[in-house]
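As a plain string of letters, each chain reads:
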Amino acid sequence: MDAKSRMCLIRNRQALEKDIKTSYIMDCMVADQVLTLQEEEEVKLQNTQKERAAMLINTLLTKDNNAYRSFYNALLHEGYRDLAALLQDGIPVFSSRNGKNAMDEMTSYVKTTLCEGGVPQRPVVFVTRPKLVDAIKQKLCSLGSDPGWVTVYGMAGCGKTVLTAEALRDHQLLEGYFPGGVHWISVGKQDKAGLLIKLQNLCSRLEHDSTLSQRPPLNIEEAKDRLRLLMLRKYPRSLLVLDDIWDSWVLKAFDNQCQVLITSRDRSVTDAVSGNKYEIHVESGLTHEKGLEVLALFVNMKISELPEQANCIIRECKGSPLVISLIGALLRDFPSRWEYYLKQLQNKQFKRIRKSSSYDYEALDEAMSISVEQLSNDLKDYYKDLSILPKDVKVPTKVLCILWDMETEEVEDILQEFVNKSLLFCDRNGNSFHYYLHDLQLDFLTEKNRNQLQELHKNIVNQYKKYYKLHVPVLSQEDCMYWYNFLAYHMAGANMQKELRDLMFSLDWIKAKTELVGPAHLIHEYVEYSSVLDQKDSVIRENFQEFLSLNGHLLGRQPFPDIIQLGLCQSETSEVYQQAKLRAQREMGTFYLEWINKKSLKNLSRLVVRPHKDAVYHACFSRDRQRIASCGADKTLQSAWRGARQLSRKLAVSQPLIWSSIHFPDSQRCSKQKVERDCWR
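All values reported here derive from a predicted model rather than from experimental measurement. (Residues numbered from 1 in each chain as written. Predicted model: local features only at pLDDT ≥ 70, side-chain atom pairs only at ≥ 80, totals over all residues. Heavy atoms only, no water.)

Side note on the overall build of the chain
From N to C terminus, the chain includes 33 helices and 14 strands. If you take every contact in the chain between residues at least 6 apart in sequence, the share linking residues at least 24 apart comes to 68%. Working note: accessible area of the chain is about 33400 Å², and carbon and sulfur atoms make up 48% of it. (Helix = DSSP H or I, 4+ residues; strand = E, 2+ residues; numbered from the N terminus. Contact = heavy atoms within 4.5 Å. Areas by Shrake-Rupley, 256 points an atom, 1.4 Å probe, with all protein chains shown as cover.)

This is how it looks when you write it as structure tokens:
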């Protein structure tokens with residue numbers, strides 16, 4: 001190992017020993033053939049996590065540059081991006097003096113680029129489809145340096161995502177055409193609120209090494225502008241990959257004169273965007289020979305050694321890569337059941353998955369039914385609980401720990417059974433695991449358990465209430481964002497009207513959620529769940545929806561405004577106002593203002609809140625008590641008409657109705673005299 005690499009490893013070994021879990025890191029290093037099985041066992045024999053990490057680093061120090069690169073890539077792959085950053089300066093310089101080193105260079109460069117960009121790993125069982133992979137590469141090269149779109153399209157389950165990721169594993173392509181990197185985002189079927197969340201996450205990822213922390217964009221247009229600047233200034237000549245696009249309007253948010261590769265079931269999704277466009281059609285199924293190759297890899301046999309039932313199974317699977325993989329996973333566990341699974345495919349009557357699409361999902365339904373039936377009764381019940389998971393959402397382990405009232409290790413063992421049988425997918429993020437279902441698997445479960453969905457939703461809500469009692473999740477908790485994004489979804493699915501109304505009509509919940517994700521998602525939920533919220537009447541829901549709509553531009557600011565004072569600006573008949581008034585009367589040592597002339601306003605949207613940006617020095621009423629003025633450290637003099645009255649006995653800080661503002665030069669200082677002279681003369 002180079003001296004520079006060795007010193008970098010020694011310098012940072014304390015941080016590495018403190019944080020890393022060696023198990024999955026060693027899996028990557030064994031796969032790269034830089035760590036032997038015997039060395040792996042020696043590490044596992046150590047008593048504590050820190051001792052195992054120390055042993056692994058000691059072993060690494062005895063090895064060459066390839067081991068350092070493999071360790072660095074393993075840290076990236078397992079989500080230890082902060083630790084990988086510590087080792088980045090020590091990455092050995094490549095030498096191209098022989099073919100072996102050139103190949104090492106390509107492997108390390110590609111792995112690093114794709115890991116940093118979030119590109120999915122190869123499946124455990126993978127067969128190449130070179131014509132399609134080369135076609136994707138050719139179309140990407142056709143873009144040259146011009147902005148444009150490459151669309152990989154075909155029916156569900158045909159392998160679009162796997163083929164797209166495979167095409168990017170090319171050193172020459174990445175270095176020559178996309179030296180700025182690759183940025184992969186799984187989009188799925190989204191409404192506007194869901195798309196905003198995706199854009200917020202992408203902007204956050206692209207800004208991860210920025211010295212200035214920015215708030216998330218509050219709307220799609222703001223997110224589009226920020227993404228355009230990031231791609232132009234920080235990631236020029238990079239490739240944006242949008243996986244699983246359903247609607248053409250979604251692409252408009254990414255129409256930023258950059259180079260985009262998308263996968264979709266709809267060939268026409270790029271009709272609404274401008275730029276050069278190229279297409280690759282992925283046929284619906286594998287060839288018969290490729291299907292046999294997949295089965296052979298699953299059962300660890302040569303194609304010539306497969307039993308005669310294998311040909312019939314491939315025909316019954318209709319060439320679907322997903323179906324063949326599911327059957328292959330079953331045969332891997334039960335290698336003597338070829339005839340049994342063939343008969344299941346031939347004789348069982350399966351319903352089609354019900355979905356607003358022209359595609360035929362019979363084959364997927366067949367494979368799903370067979371796979372689920374092989375589970376034990378306990379595992380079937382746990383798998384059924386996944387029927388109510390949101391689509392295209394990676395669920396942290398903690399959520400399922402709460403749902404099943406189990407320890408983390410127990411839950412991970414159960415979920416690994418599903419992962420092993422290709423019934424669930426797992427995404428490792430550092431020390432935590434996130435799980436998700438393919439959208440067609442979720443469609444299958446939803447249809448199969450349609451009559452039980454309400455009870456399943458009710459169960460997860462009750463488990464949440466049992467775990468958190470009167471508290472709410474905080475940002476430091478792994479499951480926090482899941483509950484803020486999807487608790488209302490589960491309550492609506494359970495038709496728990498009272499619980500949903502208590503949640504959605506709570507100023508505490510509104511404050512906590514808007515501080516994290518902004519108001520757009522909440523407004524969407526008021527519309528989405530109006531049928532449940534409005535079972536008595538729609539007035540209260542409309543009050544809160546109007547409140548968020550009028551004050552949305554404020555609820556994304558930092559520092560976060562006082563939500564009680566904002567509520568007091570609503571009409572006196574509004575439920576928001578009633579709650580805010582009760583809260584204000586209970587608060588001790590806080591000063592609020594209540595407006596006395598709301599009835600004279602035809603449009604409450606005139607209740608504009610524009611507070612001083614810094615400390616307030618003075619405030620005073622006019623002689624007729626109908627106007628108020630204030631000055632502050634931001635060098636402005638602000639005035640408002642129509643007056644206010646003090647609420648209860650609290651100290652008051654006013655948010656006036658209609659503001660007028662005067663800006664003073666830096667050489668002048670606002671004073672009480674200036675307030676009285678310039679405003680009330």
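Notes on the packing of helix α28 (residues 520-528) against helix α30 (residues 539-555)
Contact geometry for α28 and α30: axes closest at 10 Å, N-to-C directions at 155°. Relative to α30, α28 is oriented roughly antiparallel. The handedness of the crossing between α28 and α30 is left-handed. Of α30, the residues touching α28 (which contributes L522, I523, Y526 and V527) are R541, F544, Q545, L548 and S549. Considered class by class, the residues forming the contact of α28 with α30 number 6 nonpolar, 2 polar and 1 charged. (Axes fitted to C-alpha atoms, helices over the stretch in contact; angles between N-to-C directions. Parallel < 35°, antiparallel > 145°, perpendicular 65-115°, else oblique. Left-handed = near helix turned anticlockwise from the far one by under 90°. Nonpolar A, V, L, I, M, F, W, Y, C, P; charged D, E, K, R; others polar.)

Section: the packing of helix α1 (residues 3-11) against helix α6 (residues 65-77)
Where α1 meets α6, the closest approach of the two axes is 10 Å, and the angle between their N-to-C directions is 45°. One finds that α1 runs oblique with respect to α6. Between α1 and α6 lies a crossing whose hand is left-handed. Counting all contacts with α1, which are made through S5, C8 and L9, the residues of α6 involved are N65, Y68 and F71. Of the residues that constitute the contact of α1 with α6, the class distribution is 4 nonpolar, 2 polar and no charged.

Overview of the confidence of the model for the chain
For the chain, per-residue confidence averages 78 on the pLDDT scale, and 82% of positions sit at 70 or higher. For the stretch residues 642-668, pLDDT sits under 50, and the model shows 95 contacts to residues farther than four places along the chain or on other chains. (pLDDT = per-residue confidence, 0-100.)

Remarks on the nonpolar core
In terms of nonpolar packing, the biggest core is built from 76 residues, with Y383, L386, W404, F418, W483, L500 and Y526 touching the most fellow members. If you tally residues by element for this core, the top one is helix α25 (residues 480-493), at 9 residues. Filtering out sequence-adjacent residues up to four positions away, W483 remains in contact with V399, I402, I460, Y464, Y468, P473 and W509. Among the nonpolar cores identified, the runner-up in size contains 28 residues, and L16, I20, I57 and A67 belong to it. (Core = buried A, V, L, I, M, F, W, Y, C linked by side-chain atoms within 4.5 Å. Buried < 20%, exposed > 50% of the residue type's maximum accessible area, 1.4 Å probe, protein only.)

Section: unusual backbone geometry
Located in the positive-phi region is D244, a residue other than glycine, with phi close to 65°. Mapped onto the fold, D244 is located in strand β3 (residues 239-245). Looking at D244, the relative accessible area reads 17%, which means it is buried.

Quick look at the packing of aromatic side chains
Using the criterion set out here, one finds 13 aromatic pairs in the structure. The interplanar angle of 65° and the centroid separation of 5.2 Å between the aromatic rings of Y340 and Y341 together place this pair among those described as edge-to-face. The exposure class of Y341 is buried, given its relative accessible area of 0%. Aromatic pair Y467 and Y468: ring centres 4.9 Å apart, planes at 80°, arrangement edge-to-face. Here a set of aromatic residues connected by ring pairs shows up, and it is made of Y464, Y467, Y468, Y482, W483, F486 and Y489. (Phe/Tyr/Trp six-rings, centres within 6.5 Å; stacked < 30°, edge-to-face > 60°.)

Notes on a negative patch on the surface
Where like charges cluster on the molecular surface, the negative patch consists of E407, E409, E410 and D413. Following the sequence through the fold, E409 ends up in helix α22 (residues 408-420). (Patch = residues over 30% accessible without salt bridge, like charges linked within 9 Å, V, L, I, M, F, W, Y side chains within 5 Å. Salt bridge = Lys/Arg side-chain N within 4 Å of Asp/Glu carboxyl O. Lys, Arg positive; Asp, Glu negative; His and termini not counted. Charge placed at Lys NZ, Arg CZ, Asp CG, Glu CD.)

Points about α1
Those residues of α1 that fall on the buried side of the exposure criterion are S5, C8 and L9. Taken end-on, α1 shows its buried residues confined to a sector of 100°, consistent with a single buried face. Facing away from the buried surface of α1 by more than 90 degrees, the exposed residues are A3, K4 and R11. Buried-residue contacts for α1 involve α2 (13-19), α5 (49-60), α6 and α7 (81-87). (Arc of directions from axis to C-beta.)

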